[in-house]
Amino acid sequence: DAASSGARFNFGVGTEDLAQIARLLDTKLPRFGAAALYGTGVVAADAVEFADLRGALGKSELSGHLAFVFGGARPRVTGALAVATLDLRPFLVAAQGPQDHSLDFDQLKRHRLPLRDFVPVDVDVDLSVGQWLGPPVDLRDARLELHSDARGMRVPIGATIAGIPFSGHFELDMAAPTPTL
């Protein structure tokens, strides 16, 4: 629409074998198999919105919507993603290879995490996962509400683990003189 300051479009990308894309990009990815993502995009002067998102990565399936706003003091991401099935098995197989990233206690003690501006964007995204494939325990109906801003990060969490409902939260307070977890 020439009268508006934005554009609306439908998009879709996919491949029968993500390994072909990994070779093209000269990178290594876990063996997922087929991958696809489609939806509707809306672009404005200071924002991008993706609606009606549907995607698959191997046996994992997702749906939802996300919006990215770039105006203001900090960029902002909002939305909700629902993952019907999250297949972690490709990641678990890839992680079984040789790894030499261990740190001893003295190295960990000296290692400082850059907590200030840990998440340089404001986030309000709900993530739900119906079923997890791969963990050694039955994990279902997980929900994470990701909230982050200049003051820190707050993540209420809930899930059913081995048939037992669990809930809790993670909070990183960046407003305090010394960040607290």
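Going by the structure above, here's the rest.
These numbers were taken from a predicted model, which means no experiment stands behind them.

## Remarks on the sheet that holds strand β4 (residues 60-69)
Strands belonging to one sheet form pairs held by backbone hydrogen bonds; the direction of such a pair is parallel or antiparallel.
Thought 1: In space, the nine strands of this open sheet follow the order β1-β2-β3-β4-β5-β6-β7-β8-β9, with mixed pairing throughout. Of all the strands in the sheet, just β1 (7-15) and β9 (164-173) have a single pairing partner and so form its edges. Pairwise comparison of adjacent strand axes, ignoring direction, gives a mean angle of 10 degrees for this sheet.
Thought 2: Of the strand pairs in this sheet, strand β3 (residues 47-57) and β4 are connected by nine bridges, and their pairing is antiparallel. Looking across to β4, one finds that F50 is bridged to L66.

## Brief notes about the packing of aromatic side chains
Thought 1: In the structure shown here, the tally under the stated rule is three aromatic pairs.
Thought 2: Measuring from centroid to centroid gives 5.7 Å for F11 and F50, while their planes differ by 85 degrees, and the two rings are edge-to-face. In this pair, F11 sits in strand β1 while F50 sits in strand β3, placing the two residues 39 residues apart along the sequence.
Thought 3: Three or more aromatic residues joined by ring pairs make a cluster, and in this case those are F9, F11, F50 and F68.

## Here we look at the environment of V121
Thought 1: Of note, V121 is situated in the loop between α3 (105-110) and β6 (122-133).
Thought 2: Sequence-wise, V121 and F68 are 53 residues apart; in three dimensions their C-alpha atoms are separated by 9.8 Å.
Thought 3: In contact with V121, other than residues within four places in its own chain, are R74, P75, R76, V77 and S148.

## Overview of the nonpolar core
Thought 1: Counting residues in hydrophobic clusters, the biggest one holds six residues: L53, L66, V77, V121, V123 and V125.
Thought 2: In terms of nonpolar packing, the next biggest core, distinct from the first, is built from five residues, V83, V129, L139 and A159 among them.

## Regarding the pattern of salt bridges
Thought 1: For the coordinates displayed, the defined rule picks out eight salt bridges.
Thought 2: Between D126 and R143 there is a salt bridge whose closest N-O contact spans 3.1 Å. Of this pair, D126 sits in strand β6 while R143 is found in strand β7 (residues 139-149), placing the two residues 17 residues apart along the sequence.
Thought 3: Residue classification places D126 among the partly exposed residues on the basis of a relative accessible area of 24%.
Thought 4: One connected set of salt bridges, linked through shared partners, spans D126, R143 and E145.

Reading the values: the criteria
Residues numbered from 1 in each chain as written. Predicted model: local features only at pLDDT ≥ 70, side-chain atom pairs only at ≥ 80, totals over all residues. Heavy atoms only, no water. Pairing = 2+ DSSP bridges. Helix = DSSP H or I, 4+ residues; strand = E, 2+ residues; numbered from the N terminus. Axes fitted to C-alpha atoms, helices over the stretch in contact; angles between N-to-C directions. Phe/Tyr/Trp six-rings, centres within 6.5 Å; stacked < 30°, edge-to-face > 60°. Contact = heavy atoms within 4.5 Å. Core = buried A, V, L, I, M, F, W, Y, C linked by side-chain atoms within 4.5 Å. Buried < 20%, exposed > 50% of the residue type's maximum accessible area, 1.4 Å probe, protein only. Salt bridge = Lys/Arg side-chain N within 4 Å of Asp/Glu carboxyl O.

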